[in-house]
Amino acid sequence: MAGEVKTKLSKNLLRMKFMQRGLDSQTKKQLEEEEKKIISEEHWYLDVPDLKEKESCIIEERSFLRCEDLVYGRMSFKGFNPEIEKLMIQMNSKCKEEKIEEDDKMEADVSDEEMARRYETLVGTIGKKFLRKRDQRVLKDDDEDEDDEVEEGNSNTRPCKRAKKMFLKPQD
Amino acid sequence: MAAMAMERGTAAEALVGQVVLPGDLLLLPAHYDEDAEGERLRLSAGTAPQGRLLCGPGLRRSGAGLLVTKCGLLRHRPGGGGAYWVDSQQKRYVPVKGDHVIGIVTAKAGDVFRLDVGGSEPASLSYLAFEGATKRNRPNVQVGDLIYGQFVVANKDMEPEMVCIDSSGKSSGMGIIGQDGFLFKVSLGLIRKLLAPKCEIIQELSQLYPFELVLGMNGRIWVKAKTVQQTLIIVNILEACEYMTAEQRKQALAKLSGN
């Protein structure tokens, strides 16, 4: 009797945000579908065939700038206006720089492999520079420990080393 | 021949360096292979890793080909997808986005200045579009000043708009041009010739004496040298360059440097 009487919550109530948690996945899906249907029904659309977008490989350009590679319009000669002369070099080298960069890539005098090899050794040395003295010692000790471990096969020596550095509490 | 060109169009490559007239149709390689080799070749051309073709001033896209809208010489530049444009002779400037031009301030209307750039309509220039300008710190621009600036908005339906800063907010040479000096107008073709990299005229002039030059794409040139006489000499040479051959120009320059 009690089961039949069990009241059903209205759809609108179920759709509310705070009710979503308790819902099981099936009802959730159902609700979503219904919502979608409502939305799509409300929208109206033009019944026209799809526009076929042709991919064009032609760009229209109204400026001569890109066609003719024109230089910068301000010029100064023989030191009449040094500011402009500086600017001229800057502006007119912009397009040339790219070409120069490409050339650089072509004839790198240090090969990538050699560079990697050099940096390998550098990492340790430079890394040390940024560590505090204390940390450096620890780093060194660790290295030594590792060596010891390899040699002796056990790390019994380690606690002693650490113990030396520990602060000894004075006895009362 | 002419009739055939009207109906079917000619290959763009064949006309490079020759006179083209408005209405001519230029065909591109992918286009005229169609008849000869059929679909197969066209597809293979389409899938090739080719850059996009640049269709410059004086040309318009029409189907897969190009339609000529100005009369002049057809120019072509290889590299990338290549570029075609028409090198025409004209005096009327049409604002183009990105062009650097010299404008004359004709009015101060509240937040914007009106600039005469030689186009069909005056251009507007916001007082905030100067380097270091803020609402408090207005640039000192008076009516009649010359301004070297760049178009940010330029199309046939809207009022052209200029700025005197680049995308990073720097002036990079744009802004008010100095008080004295001499402004004159030449044809747009000559300006492009002067702005071409390694222009002989400019290189020869630069050997003479110290002077400064501002070239606007709208055909205006501003010159300043140490004396009025020197300024006028440069002006006369530049104006005459339009109608002089290279040899005549060299003779004129030789005469000058001899003095």
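Worth saying up front: this structure is predicted, and the values here are computed from it rather than measured. (Residues numbered from 1 in each chain as written. Chains lettered and ligands numbered in written order. Predicted model: local features only at pLDDT ≥ 70, side-chain atom pairs only at ≥ 80, totals over all residues.)

1. Description of the overall build of chain A
Alright, step 1. A count of helices and strands for chain A gives 8 helices and 2 strands.
Alright, step 2. Start at the N end of chain A and walk to the C end: the helices and strands fall as α-α-α-β-α-β-α-α-α-α.
Alright, step 3. By residue count, 6% of the 172 residues in chain A fall in the buried class. (Helix = DSSP H or I, 4+ residues; strand = E, 2+ residues; numbered from the N terminus. Buried ≥ 20, exposed ≤ 12 C-beta atoms within 10 Å, placed from the backbone.)

2. Some thoughts on the overall build of chain B
Alright, step 1. A tally of helices and strands in chain B yields 7 helices and 17 strands.
Alright, step 2. Across the 259 residues in chain B, those meeting the buried criterion constitute 30%.
Alright, step 3. Taking all contacts inside chain B whose residues are at least 6 apart in sequence as the whole, residues at least 24 apart take part in 60%. (Contact = placed C-beta atoms within 7 Å.)

3. What to know about the sheet that holds strand β5 (residues 59-62) of chain B
Residues and elements named next belong to chain B.
Alright, step 1. One open sheet holds the 4 strands; their spatial order is β1-β3-β6-β5, and the pairing between them is mixed. Edge positions in the open sheet fall to β1 (10-11) and β5, since each of these has one partner strand only.
Alright, step 2. Of the pairings in the sheet, the one linking β5 to strand β6 (residues 65-68) comprises 4 bridges and is antiparallel in character. Among the inter-strand pairings, Arg61 is bridged to a residue of β6, identified as Leu66. (Pairing = 2+ DSSP bridges.)

4. Some details on the pairing of strand β9 (residues 100-109) of chain B
All names here are of chain B.
Alright, step 1. Relative to strand β12 (residues 146-153), β9 runs antiparallel, the two being bridged by 5 bridges. Paired with Ile104 across the bridge in β12 is Leu146.
Alright, step 2. Pairing between β9 and strand β10 (residues 112-116): 5 bridges, direction antiparallel. If you follow Val105 over to β10, its bridge partner there is Leu115.
Alright, step 3. From the end of β9 to the start of β10, which pair antiparallel, there are 2 residues, and Gly110 there has a positive phi angle of about 65°.

5. Structural notes on the interface of chain B and chain A
Alright, step 1. Facing 34 residues of chain B, the contacting portion of chain A comprises 27 residues.
Alright, step 2. At the level of secondary structure, the elements contributing two or more residues to the side of chain B that touches chain A comprise β4 (53-55), β5, β8 (83-87), α4 (188-195) and β16 (211-215) of chain B.
Alright, step 3. Ranked by residues supplied to the side of chain B that touches chain A, first place goes to β16 of chain B with 5 residues.
Alright, step 4. When its residues are assigned to classes, the side of chain B that touches chain A shows 18 nonpolar, 8 polar and 8 charged.
Alright, step 5. Where strand β2 (residues 74-77) of chain A lies against β16 of chain B, 4 bridges are found, and the strand directions are antiparallel. Counted as the bridge partner of Phe77 of chain A is Phe211 of chain B from β16 of chain B. (Nonpolar A, V, L, I, M, F, W, Y, C, P; charged D, E, K, R; others polar.)

6. Here's the deal with the sheet that holds β8 of chain B
Alright, step 1. With mixed pairing, 5 strands are arranged side by side in an open sheet as β1(A)-β4(B)-β8(B)-β7(B)-β2(B). Lying at the two open borders of the sheet, with one neighbouring strand each, are β1 (58-60) of chain A together with β2 (19-20) of chain B.
Alright, step 2. Both β1 of chain A and β4 of chain B contribute to a ladder of 3 bridges, which runs parallel. Each residue of the ladder has a partner; that of Glu60 of chain A, found in β4 of chain B, is Cys55 of chain B.

7. Quick word on unusual backbone geometry
Alright, step 1. Phi at Asp69 of chain A takes a positive value of approximately 55°, unusual for a residue other than glycine.
Alright, step 2. The exposed category is assigned to Asp69 of chain A, around which 12 C-beta atoms lie within 10 Å.
Alright, step 3. Phi at Ser172 of chain B takes a positive value of approximately 40°, unusual for a residue other than glycine.
Alright, step 4. Summarising the element assignment, Ser172 of chain B is placed in the loop between β13 (161-163) and β14 (175-176).

8. Describing the confidence of the model for chain B
All names here are of chain B.
Alright, step 1. Counting all residues, the mean pLDDT for chain B is 85, and 88% of those residues have values of 70 or more.
Alright, step 2. Every residue in residues 1-6 is under pLDDT 50, and counting partners more than four places away or in other chains gives 2 contacts.
Alright, step 3. Note that pLDDT drops below 50 for residues 32-49; the model gives that stretch 10 contacts with residues more than four away or on any other chain.
Alright, step 4. Our summary of model confidence lists the complex with pTM equal to 0.66 and ipTM equal to 0.76. (pLDDT = per-residue confidence, 0-100.)

9. Quick look at the environment of Thr27 of chain A
Residues and elements named next belong to chain A.
Alright, step 1. For Thr27, the position within the fold is in helix α3 (residues 25-42).
Alright, step 2. On the basis of neighbour count, Thr27 is assigned to the exposed category, with 12 C-beta atoms found within 10 Å.
Alright, step 3. In the structure, Thr27 is positioned 13 residues away from Leu14 in sequence and 9.2 Å away in space, judged by C-alpha atoms.

10. Some details on the confidence of the model for chain A
Alright, step 1. Across chain A, the average pLDDT comes to 74, with 67% of residues at or above 70.
Alright, step 2. pLDDT under 50 marks residues 148-157 of chain A. Its contacts with residues more than four places away, or in other chains, come to 2 contacts.

11. Things to note about the environment of Ser120 of chain B
Alright, step 1. Within the secondary structure layout, Ser120 of chain B lies in the loop between β10 and β11 (123-126).
Alright, step 2. Once the C-alpha coordinates of Ser120 of chain B and Lys156 of chain B are considered, the two residues, 36 residues apart in sequence, prove to be 9.8 Å apart.

12. Remarks on helix α6 (residues 228-241) of chain B
Residues lying three or four places apart along an α-helix face the same way, a consequence of the helix completing one turn every 3.6 residues.
All names here are of chain B.
Alright, step 1. Taking 1.5 Å of rise per residue, 14 residues should cover 20 Å, and α6 covers 20 Å from first to last C-alpha, within 8% of that figure.
Alright, step 2. Here α6 has its buried residues at Ile233, Ile234, Leu238 and Cys241. Around the axis of α6, the buried residues are gathered within 125° of arc, so they sit on the same side. Turned more than 90 degrees away from the buried face of α6, the exposed residues are Val228, Gln229 and Ala240. (Expected span 1.5 Å × (residues − 1). Arc of directions from axis to C-beta.)

13. Description of α3 of chain A
Alright, step 1. For α3 of chain A, built from 18 residues, the straight-helix expectation of 26 Å at 1.5 Å per residue is met to within 8% by its first-to-last C-alpha distance of 26 Å.
Alright, step 2. Along α3 of chain A, only 0 of the 18 residues are buried, which leaves the element largely exposed.

14. As for the environment of Glu212 of chain B
Alright, step 1. Within the fold, Glu212 of chain B resides in strand β16.
Alright, step 2. Residues Glu212 of chain B and Thr231 of chain B, spaced 19 residues apart in sequence, show a C-alpha to C-alpha distance of 9.1 Å.
Alright, step 3. If near-sequence neighbours (up to four positions away) are discounted, Glu212 of chain B is found in contact with Ser76, Phe80, Asn81 and Ile84 of chain A together with Lys224 of chain B.

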